[in-house]
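What follows is each chain in one-letter form.
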Amino acid sequence: MSLVRESRSITRKFLARPQQEGLGAVVRRSIGRFELRYFDPFLVLDEFSVSAPAGFPDHPHRGFETVTYMLQGAVTHEDFEGRKGTIEAGDLQWMTAGRGVVHSEMPAPQGTQKGLQLWINLSSQHKMIQPRYQEISSNNIAEAARDGIKVRVIAGEALGVKSTIYTRTPTMYLDFTLKPGSHLQQPIPKSYNAFVYILEGEGIFGQDSTTSSPISAHNLLLLSGFGDGLVAWNKGSKILRFILVGGEPLGEPVAQLGPFVMNTQEEIDQTIEDFENYTNGFEKARHWRSEARIELGY
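Since the structure is predicted, the reported quantities are computational estimates derived from the model, not experimental observations.

1. Here's the deal with the overall build of the protein
Next up, step 1: The number of helices and strands found in the protein is two helices and 26 strands.
Next up, step 2: In terms of C-alpha radius of gyration, the protein reaches 19 Å, essentially the compact-globule figure of 19 Å for 298 residues.
Next up, step 3: For the protein, the spread of C-alpha atoms along the three principal axes comes to 60 × 40 × 35 Å.
Next up, step 4: Looking at the protein as a whole, 54% of its 298 residues are labelled buried.
Next up, step 5: In the protein, the proportion of contacts linking residues at least 24 apart, taken out of those at least 6 apart, comes to 72%.
Next up, step 6: When the accessible surface of the protein is summed, it comes to about 13,100 Å², and 48% of that surface belongs to carbon and sulfur atoms.

2. Section: the UniProt feature "binding site: Fe cation" (unreviewed entry) in the protein
Next up, step 1: Within this numbering scheme, the UniProt entry marks His59, His61, His103 and Glu105 as carrying the feature "binding site: Fe cation" (unreviewed entry). In sequence the annotated residues extend across 47 residues, while in space they remain close, none of their C-alpha pairs exceeding 12.6 Å. Considered against the largest pocket, the annotated residues that line it turn out to be His59, His61 and Glu105.
Next up, step 2: Within the element layout of this structure, histidine 59 appears in strand β5 (residues 56–61).
Next up, step 3: By relative accessible area, which is 17% here, histidine 59 ends up buried.
Next up, step 4: If we skip the residues at most four places from it in the chain, histidine 59 touches Val101, Val102, His103 and Glu105.
Next up, step 5: There is a polar contact of 2.7 Å between the side chain of histidine 59 and the backbone oxygen of proline 57.
Next up, step 6: Its location among the elements puts histidine 61 in strand β5.

3. A few points about the layout of surface pockets
Next up, step 1: Each pocket or cavity is described by its volume, and for the largest pocket that value is around 540 Å³.
Next up, step 2: Along the walls of the largest pocket sit 25 residues, with Glu21, Arg29, Val44, Asp46 and Trp119 positioned nearest its centre.
Next up, step 3: Per element, the largest residue contribution to the lining of the largest pocket is five residues, and it comes from β5.
Next up, step 4: Residues that form the lining of the largest pocket fall into these classes: twelve nonpolar, eight polar and five charged.

4. Considering a negative patch on the surface
Next up, step 1: A cluster of like negative charges, contributed by Glu266, Glu267, Asp269, Glu273 and Glu276, occupies part of the molecular surface.
Next up, step 2: Residue placement: glutamate 266 occurs in helix α1 (residues 265–277).
Next up, step 3: By relative accessible area, glutamate 266 is classed as exposed at 58%.

5. A few points about the pairing of strand β23 (residues 229–233)
Next up, step 1: The buried fraction of β23 amounts to five of the five residues, a majority that puts the element mostly inside the structure.
Next up, step 2: Neither face of β23 is left uncovered, since the one carrying Gly229, Val231 and Trp233 and the one carrying Leu230 and Ala232 both have all their residues buried.
Next up, step 3: Where strand β20 (residues 202–205) and β23 come together, two bridges link them in antiparallel fashion. Of the residues in β23, the one forming a bridge with isoleucine 204 is tryptophan 233.

6. Observations regarding the UniProt feature "domain: Pirin N-terminal" (unreviewed entry) in the protein
Next up, step 1: Mapped onto this numbering, the UniProt entry annotates "domain: Pirin N-terminal" (unreviewed entry) at residues 27–120.
Next up, step 2: Across residues 27–120, the secondary structure splits into 0% helix and 62% strand, with the terminal C-alpha atoms separated by 18 Å.

7. So, the packing of aromatic side chains
Next up, step 1: If you walk through the whole model with that rule in mind, you get ten aromatic pairs.
Next up, step 2: Centre to centre, the rings of phenylalanine 48 and phenylalanine 56 are 6.3 Å apart; their planes meet at 80°, and the pair counts as edge-to-face. Taken individually, phenylalanine 48 and phenylalanine 56 each receive the classification buried, so the pair is uniform in this respect.
Next up, step 3: Of the aromatic side chains, those joined through ring pairs into one cluster are Phe39, Phe42 and Phe195.

The rules we used
Residues numbered from 1 in each chain as written. Predicted model: local features only at pLDDT ≥ 70, side-chain atom pairs only at ≥ 80, totals over all residues. Heavy atoms only, no water. Helix = DSSP H or I, 4+ residues; strand = E, 2+ residues; numbered from the N terminus. Rg over C-alpha atoms; globule rule 2.2 N^0.38 Å. Buried < 20%, exposed > 50% of the residue type's maximum accessible area, 1.4 Å probe, protein only. Contact = heavy atoms within 4.5 Å. Areas by Shrake-Rupley, 256 points an atom, 1.4 Å probe, with all protein chains shown as cover. UniProt positions renumbered as here; feature names shortened; annotations may be inferred. 1 Å grid on protein atoms, 1.4 Å probe; cavity = no way out; pocket = protein on both sides within 12 Å on 5 of 7 lines; lining within 4 Å. Polar contact = N/O pair within 3.5 Å; in protein donor to acceptor, adjacent residues only side chain to side chain. Points joined across faces, edges and corners; volume = space filled by probe spheres on them. Nonpolar A, V, L, I, M, F, W, Y, C, P; charged D, E, K, R; others polar. Patch = residues over 30% accessible without salt bridge, like charges linked within 9 Å, V, L, I, M, F, W, Y side chains within 5 Å. Salt bridge = Lys/Arg side-chain N within 4 Å of Asp/Glu carboxyl O. Lys, Arg positive; Asp, Glu negative; His and termini not counted. Charge placed at Lys NZ, Arg CZ, Asp CG, Glu CD. Pairing = 2+ DSSP bridges. Phe/Tyr/Trp six-rings, centres within 6.5 Å; stacked < 30°, edge-to-face > 60°.

See below:
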């Protein structure tokens, strides 16, 4: 494991509290809420929990990517191009919306479905590209384990293994599980903005493990821009699980209206016109209704 000479410190901490989203779904939103509208290049991070018939029926996107990582249960997705599938526990869908996608994300019929959805901004030169999907089943996600640490490499590299995901906006996305007593040192590219989101247990993050207090689940930790990596400890009696996410800042203006993210208000106005008139990427939305929406009767 590469050593971290100077760990990035925590600059801000947020507890993601439950809120309603979509059609009866519950999300814990950290990035994208009023205290933190944008953390370049990241637009939204939701930890979602949803049970049928609640969900996320037909809705559009333009100008960014959505990364859906299932933690429990399953979600069925379908879009106006006829793509359809089910993302199960441990599976990943990396969707580049580009110039336009209208899709539906609905939970499996039984039980509570849980996962993470991250929105990653696209640069101005990529906002209007053709939509693209990358899907990886759980057993094909790169994994490594060493000294009480296990990592699932969603994007980027850790413990000597690399993800096969192509990231148009350069991104790292690592799912770490630390056993009690373990200690992590994970390099982060110096140019990246980075954050930690704790899923389970509690841990200490930063250079000094003796004076820092443990931080518990559902907290988002924004990391400073100084340092060449992250140092973390699990000094508790239970496992610690968290994601470490980093990305190359775009440094561009952001104009956002819900599921549309562009660079200027004029581009947002054009996107609304395109969507309402079924043009410029939204042509197939005119006559499309998802099976889930038809079943719901609207």
